[in-house]
Protein chains: 2
Amino acid sequence: MKNYRYRYQISFRAILVLFVLLSGGIGTYAERDPLPSWYDGAAKKAILSFVKETTEKSSPKYVQPGDRIAAFDQDGTLWTEHPLYAQAMFALERVGQLAPQNPEWKDKQPFKAVLERDHEAMGKFTEQDWMEIVAATHAGMSTEEFHTLVKQWLATAKAPRFNRPYTDLIYQPMLEVMKYLREKGFKTYIVTGGGQEFVRVYSEQVYGVPPEQVVGSSIVTKYEVINGKPVLMREPKPFLIDDGPGKAIGINMFIGKRPFAAFGNSGGDAEMLQWTQAGEGARLMMLVHHDDATREYAYGPAGGLPDTHVGTFSDALLSQAKSNGWIVISMKDDWKRIFPFEK
Amino acid sequence: MKNYRYRYQISFRAILVLFVLLSGGIGTYAERDPLPSWYDGAAKKAILSFVKETTEKSSPKYVQPGDRIAAFDQDGTLWTEHPLYAQAMFALERVGQLAPQNPEWKDKQPFKAVLERDHEAMGKFTEQDWMEIVAATHAGMSTEEFHTLVKQWLATAKAPRFNRPYTDLIYQPMLEVMKYLREKGFKTYIVTGGGQEFVRVYSEQVYGVPPEQVVGSSIVTKYEVINGKPVLMREPKPFLIDDGPGKAIGINMFIGKRPFAAFGNSGGDAEMLQWTQAGEGARLMMLVHHDDATREYAYGPAGGLPDTHVGTFSDALLSQAKSNGWIVISMKDDWKRIFPFEK
């Protein structure tokens, strides 16, 4: 009898738990809009039908969970890149910090322009100029020392205009897309032209993307044992430039699977979208167009700002998008809310 | 009333399901040995206590699930590498297939030695010789074409002595370790000196390791659009040599987290084990020693076979293992069963 009673108690609790789970689950599922910061438009509709097509078992374009890969560019796609990429700001500030130890920089380009805040000259920096700045500011230390520097910088640096930490300037609608895709069994990857080690410092906390799902540009590292402790020293030599065609190369190298969805905002993302689209089945290719000077910035075909050091959403990219059926997201018309800090 | 009855039915089924789950789960959990192909010895004990230490919430060395990373070398650690790595056999067979289109190879080293099956000369191949063979046999095609070649080869090639497909010659005890670690929330990575694209063709099917968890050596790829379709063409230039110090570099680049466990069998794995050990908390470093000439092969300190083209388990590595507390797995004394096909 006691035994029976005990069993009955377990059953009762089991029922209770099950009912709570079922009712709660079904209730929220039916009502919840997974993309509340998106206006009901073609872009939102495309995301919702892509997810339906690839994840409902009855769909002819159903994709096995292990193959559900989504790739996101970062600068300009997940967070603000104007007036300059956050990582470029980090590099420029480090030039200032390191200047006392490098007195020759006062007369040597590209450092001279940085130290004099000569924005016109900086606007004309070549890739080689940037590489010299990266070499001087991102190398010559261990990966751990670099992480510490990035963490310290992120904790104190403020983005111009918004006067907030850079990691506040992330796009709420894109966070919702990432979360929604993950809930539907997709692995979300960041595929960035920015530095892989830089982005990995905050990717998990900011985007929910763990370090192993960040593919980015990298410099050569060298294994050394210092005082009996192995370290990876960062060398002033580029390794992978994860931009343009490098994004398809990086995706293949790091993931070894073709994404079913890819999100970008510039010409540097075109090959990633092409590579995604070349696969079979349902594929989703989207480009964020910065056409909202009021709430963020307007550049590219929307005009407005000069396009210095930021990804170029050119007219050519716009026509490529049109002829390929890539979906252009209008910040102004598709997004109800831009940043998480806005209510 | 009808409603009540319906609810009662749901409850009854819920109870049934719960009881089956609970009794089944608890029953098998208590009885099951996760490593049945291992003798009860120091190696098996080390694995079990490492898992306990890192995964039981009450343990002071508990590791968050997201940080549970385990790295496995492949050749000689997960499958047989004697008398030659499978991938080297693939390359040599392709030299034979491509010879008619390359008549000059008859008089040109290293191809001449391969075509004449001059094992003595092949035993003396330098890294440069091997690179020439890789360039001739692994490059000049798209990644997709390469995958097809590898698949075809794996389906037909037989390993000498055992006269079985190469993918049959995997170590049952290591499969058990991988499976056990995965059940305990670890992500298992293959970190191989072999070709990343080669291993990814079969890693999921053979080891349960998906492509994105295979870190390996790679050659440069180039993005090209051919007949409107983007492809990645394999170029005859090395990109990452994922061996020796390259394994620590590869782990940092691809995973961005330090493994808590690493398994190898040769000097090419030493830096991976060092890198693993240099982290805090509980770390497990193990080396497979091939000392079983009867069931597999004996080489390294166990002597026996000459060490051509296979990882060197040297006396130096053995003393490094001793002084660092790395655990040496004896195939002969630690493994009850070597291959899955053995009963």
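The structure this text deals with has already been given above.
*Asks:* Is there a simple way to explain the packing of helix α11 (residues 245–254) of chain A against helix α12 (residues 270–277) of chain A in this structure?
*Replies:* The packing of two helices is summarised by the inter-axis angle and the distance between the axes. All names here are of chain A. At their nearest, the axes of α11 and α12 sit 6 Å apart, and the two run at 50° to each other. The angle between α11 and α12 places the two elements in the oblique class. Like other packed secondary-structure pairs, α11 and α12 cross with a definite hand, here right-handed. Residues Pro245, Lys247, Ala248 and Ile251 of α11 form the contact with α12, whose own contacting residues are Glu271, Met272 and Trp275.

*Asks:* Any chance you could explain the relation of the copies chain B and chain A here in plain terms?
*Replies:* Mapping one chain copy onto the other needs a rotation about an axis and a shift along that axis. When chain B is fitted to chain A, the residual RMSD is 0.0 Å, and the transformation amounts to a turn of 180° plus an axial shift of 0.0 Å. Taken together, the rotation angle and the small translation identify this as a two-fold axis.

*Asks:* Honestly, the interface of chain B and chain A in this entry has me stumped. Any pointers?
*Replies:* Interfaces are frequently sized by the accessible area removed from exposure as the parts join. If you look at the interface, chain B gives 42 residues, while chain A gives 42 residues. Taken over both partners, the interface formed by chain B and chain A buries close to 3600 Å², and the fraction arising from carbon and sulfur atoms is 64%. It is Glu212(B), Tyr223(B) and Met253(B) in chain B that bury the most area against chain A; as a group they hold 19% of the surface buried on that side. At the junction of chain B with chain A, the criterion picks out six salt bridges. At the boundary of chain B with chain A, the tally comes to 19 residue pairs in polar contact (both at pLDDT 80 or more). Contributing elements (two or more residues each) for the side of chain B that touches chain A: α1 (2–31), α7 (143–156), β2 (187–195), α9 (196–200), β3 (214–226), β4 (229–240), α11 (245–254) and α12 (270–277) of chain B. A per-element tally of the side of chain B that touches chain A places α1(B) first, with seven residues.

*Asks:* Which parts of the structure should I look at to understand the pattern of salt bridges?
*Replies:* Where charged atoms from two side chains of opposite charge come close, those side chains can pair. All chains considered together, the criterion is met by 36 salt bridges over all chains. As a salt-bridge pair, Lys52(B) and Glu56(B) come within 3.5 Å of each other at their nearest N and O atoms. Between Glu144(B) and Lys229(B) there is a salt bridge, with its nearest N and O atoms 3.3 Å apart. With Glu144(B) in helix α7 and Lys229(B) in strand β4, the pair connects residues that are 85 residues apart, well separated along the chain. Linked through salt bridges whose partners overlap, the residues forming this network are Arg32(A), Lys179(A) and Glu183(A).

*Asks:* When you look at the packing of aromatic side chains in this model, what are you seeing that I'm missing?
*Replies:* Note on aromatic pairs: each is described by the distance of the centres and the angle between the planes. According to the stated counting rule, one finds 40 aromatic pairs over all chains in the structure shown. Ring centres of Phe198(A) and Tyr202(A) lie 6.0 Å apart, and the angle between their planes is 85°; on these two criteria the pair is classed as edge-to-face. We note that Phe198(A), like Tyr202(A), is buried. Judged by centre distance (5.8 Å) and plane angle (75°), the ring pair of Trp38(B) and Trp335(B) falls under edge-to-face. Note that Trp38(B) is positioned in the loop between α1 and α2 (42–55) and Trp335(B) in the segment after α14 (331–334), a separation of 297 residues in sequence. The structure contains a cluster of three or more aromatic residues connected by ring pairs, namely Trp79(A), Phe90(A), Phe146(A), Trp153(A), Tyr166(A), Phe198(A), Tyr202(A) and Tyr207(A). One residue, Arg283(A), lies across the ring of Phe260(A), its end atom 3.7 Å from the ring centre. Sitting over the ring of Phe146(B), Arg234(B) keeps its end group 3.9 Å from the ring centre.

Thresholds applied
- Here the residue index of a chain counts from 1 through its sequence in written order.
- Each chain takes a letter, starting from A, and each ligand takes a number, starting from 1, following the order in which they are written.
- Residue-level local features of this predicted model are given only where pLDDT is at least 70; pairs of side-chain atoms are given and counted only at 80 or more, and the full residue set underlies all totals for whole chains, interfaces and linings.
- Note that water and hydrogens are dropped before the side-chain values are worked out from all heavy atoms of the structure.
- Here, axes are lines fitted to C-alpha atoms. For helices the fit covers the stretch in contact, and angles between N-to-C directions go from 0 to 180 degrees.
- The way it works is that DSSP assigns letters per residue, a run of H or I at least four long becomes a helix, a run of E at least two long becomes a strand, and they are numbered from the N terminus.
- Should an angle fall under 35 degrees it is called roughly parallel, over 145 degrees roughly antiparallel, and 65 to 115 degrees roughly perpendicular, with every other angle called oblique.
- A clockwise turn of the near helix away from the far one marks a right-handed crossing, whereas an anticlockwise turn of less than a right angle marks a left-handed crossing.
- The criterion used for residue contact is that any of the two residues' heavy atoms lie within 4.5 Å.
- Least-squares superposition of the copies uses the C-alpha atoms of those residues scoring a pLDDT of at least 70 in each of them.
- Take the accessible area each of two parts loses on contact, using a 1.4 Å probe, and add the two losses: that sum is the buried area.
- Note on definitions: salt bridges are taken to be side-chain nitrogens of Lys or Arg within 4 Å of carboxyl oxygens of Asp or Glu.
- Two N or O atoms count as a polar contact when they lie within 3.5 Å, although within protein this holds only if one can serve as hydrogen donor and the other as acceptor, and sequence-adjacent residues are included solely when both atoms are side-chain atoms.
- The rule is short: rings of Phe, Tyr and Trp, with Trp giving its six-membered ring, pair when the centres are within 6.5 Å, and they are stacked under 30 degrees, edge-to-face over 60, tilted in between.
- Partly exposed residues are those whose accessible area sits between 20% and 50% of the maximum for their type, while under 20% is buried and over 50% is exposed, using a 1.4 Å probe and protein chains only.
- For a lysine, the NZ atom is tested; for an arginine, the CZ atom; a charge sits over a ring if that atom is within 6 Å of the ring centre and within 35 degrees of the ring normal.

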